[in-house]
Amino acid sequence: MIKYDELEVGYKFSPISYELTSSIISKYEEAIEAHSSIGNSIPPLAVAAYAMKAISQSIQLPPGSVHVSQELEFFKPVAVGSHINCQAQITQKTKRAKLNMMVIEINTFDQNKEKVLSGKATLILTDSG
Amino acid sequence: MTFSDIKFSDIHAGDALPETVKQLSQEKINLYAEAVGDFNPIHVDESFAAQTAFGGTIAHGMLILAYISEMMTLAFGESWLSTGKLAIRFKRPARSRDAVTISGKINSITIESNNLNFSCDVGCSNQNQEIIVDGKAMVRIPLTNSKGEHLERCHRIKK
């Protein structure tokens with residue numbers, strides 16, 4: 001697990017893969033109180049949420065980190081059971097007083113190597129000391 | 001849930017998107033944390049969160065965005081899943097007892113390359129009408145189907 005202080009702009013996370021199984025998506029839909037399922041498609045934010053989970057498991061962030069902005073773009077519906085591959089990179093890292101800001105860009109692809117979602121998350125992290 | 005068709009000619013700039021209210025609770029935040037595996041203490045550890053500038057636990061930003069995405073899916077159906085764009089800023093945290101209103105309106109409708117492009121203002125506010133999130137959402141709906149036939153309606157989901 002890489003520490004926040006060791007991350008540099010341009011750092012590329014190891015490619016991450018995960019499967020969006022029906023049990024994972026059922027739990028997710030219950031948590032977000034989803035009422036808008038379309039056929040076998042999953043809520044698009046689930047792809048991003050599980051990508052962020054996978055990224056967070058490979059870096060050690062200070063406790064209390066918070067999201068300040070988010071951009072997302074969806075390219076195609078994702079079916080339950082899809083295998084997702086995610087590429088992620090640190091594109092900005094700045095420090096002001098005791099606040100650190102980090103931008104992570106992600107691109108996700110399905111099992112057919114077709115892009116399904118891209119995004120940019122900006123996080124504020126308290127000083128890890 | 002049922003689907004209904006709506007004529008493109010019946011959709012106008014200024015139309016409101018389907019507003020919803022979600023009552024947050026620590027139990028719901030914990031449920032989301034378990035679902036996505038994000039146990040950041042600012043969300044789930046009340047004693048830790050009480051010592052931070054927020055003074056208590058706050059909901060995951062991605063949970064609030066999921067509510068906005070839900071609204072866009074209700075309004076635009078599958079087109080949101082395949083062409084949606086969202087850009088938002090978190091203005092203040094959603095606290096564990098907040099009643100969050102998710103709302104939006106169509107800002108403009110333009111025609112480009114045989115598509116209708118919808119640009120929407122979206123946001124969330126709490127029970128004190130304080131803005132939690134605001135931003136823009138865009139979605140594109142084709143004016144012809146895969147056979148080249150002209151479309152006059154799009155699907156909208158009715159809860």
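Residues numbered from 1 in each chain as written. Chains lettered and ligands numbered in written order. Predicted model: local features only at pLDDT ≥ 70, side-chain atom pairs only at ≥ 80, totals over all residues. Heavy atoms only, no water.

(A) Structural detail: the packing of aromatic side chains. Tallied over the entire structure, the rule returns five aromatic pairs over all chains. Between Y28(A) and Y32(B), the aromatic rings sit 6.2 Å apart at their centres with planes inclined by 55°, giving tilted as the arrangement. Placement of Y28(A) in helix α1 (residues 22-32) and of Y32(B) in helix α1 (residues 26-36) is noted, with the two residues assigned to different chains. Among the residues examined, Y28(A) registers a relative accessible area of 0% and is labelled buried. Note on F76(B) and F118(B): the rings are 5.1 Å apart at their centroids and 50° apart in plane angle, and the pair reads as tilted. Here F76(B) is found in helix α4 (residues 61-76), whereas its partner F118(B) is found in strand β5 (residues 115-125), with 42 residues between them in sequence. In this structure F76(B) comes out as buried when scored by relative accessible area, which is 3%. A relative accessible area of 2% places F118(B) in the buried class. The ring of Y4(A) has K93(A) lying over it, and the distance from NZ or CZ to the ring centre is 4.4 Å. (Phe/Tyr/Trp six-rings, centres within 6.5 Å; stacked < 30°, edge-to-face > 60°. Helix = DSSP H or I, 4+ residues; strand = E, 2+ residues; numbered from the N terminus. Buried < 20%, exposed > 50% of the residue type's maximum accessible area, 1.4 Å probe, protein only. Lys NZ or Arg CZ within 6 Å of the ring centre and 35° of its normal.)

(B) Seen up close, the interface of chain B and chain A. Taken together, the contact between chain B and chain A spans 40 residues of the former and 33 residues of the latter. Between chain B and chain A, roughly 3300 Å² of surface is buried when both sides are summed, and carbon and sulfur atoms account for 64% of that area. Counting every contact that joins chain B to chain A gives two salt bridges. Between E73(A) and K85(B) there is a salt bridge; the shortest N-O distance is 4.0 Å. Counting only elements with at least two residues in the side of chain B that touches chain A, the list comes to α1, α2 (41-44), α4, α5 (78-83) and β3 (85-90) of chain B. Here the residues of the side of chain B that touches chain A sort into 23 nonpolar, nine polar and eight charged. Here five bridges tie strand β4 (residues 66-74) of chain A to β3(B), and the two strands are oriented antiparallel to one another. Paired with S69(A) across the bridge in β3(B) is R89(B). (Contact = heavy atoms within 4.5 Å. Buried area = accessible area lost by both parts, 1.4 Å probe. Salt bridge = Lys/Arg side-chain N within 4 Å of Asp/Glu carboxyl O. Nonpolar A, V, L, I, M, F, W, Y, C, P; charged D, E, K, R; others polar. Pairing = 2+ DSSP bridges.)

(C) Summary view of the packing of α1(A) against α1(B). Direction vectors running N to C along α1(A) and α1(B) enclose 155°, while the axes themselves pass 9 Å from each other. With respect to α1(B), the element α1(A) is oriented roughly antiparallel. Between α1(A) and α1(B) lies a crossing whose hand is left-handed. Contacts between α1(A) and α1(B) involve K27(A), Y28(A), E30(A), A31(A) and I32(A) on the former and, on the latter, L31(B), Y32(B), E34(B), A35(B) and V36(B). For the contact of α1(A) with α1(B), a count of residues per class yields seven nonpolar, no polar and three charged. (Axes fitted to C-alpha atoms, helices over the stretch in contact; angles between N-to-C directions. Parallel < 35°, antiparallel > 145°, perpendicular 65-115°, else oblique. Left-handed = near helix turned anticlockwise from the far one by under 90°.)

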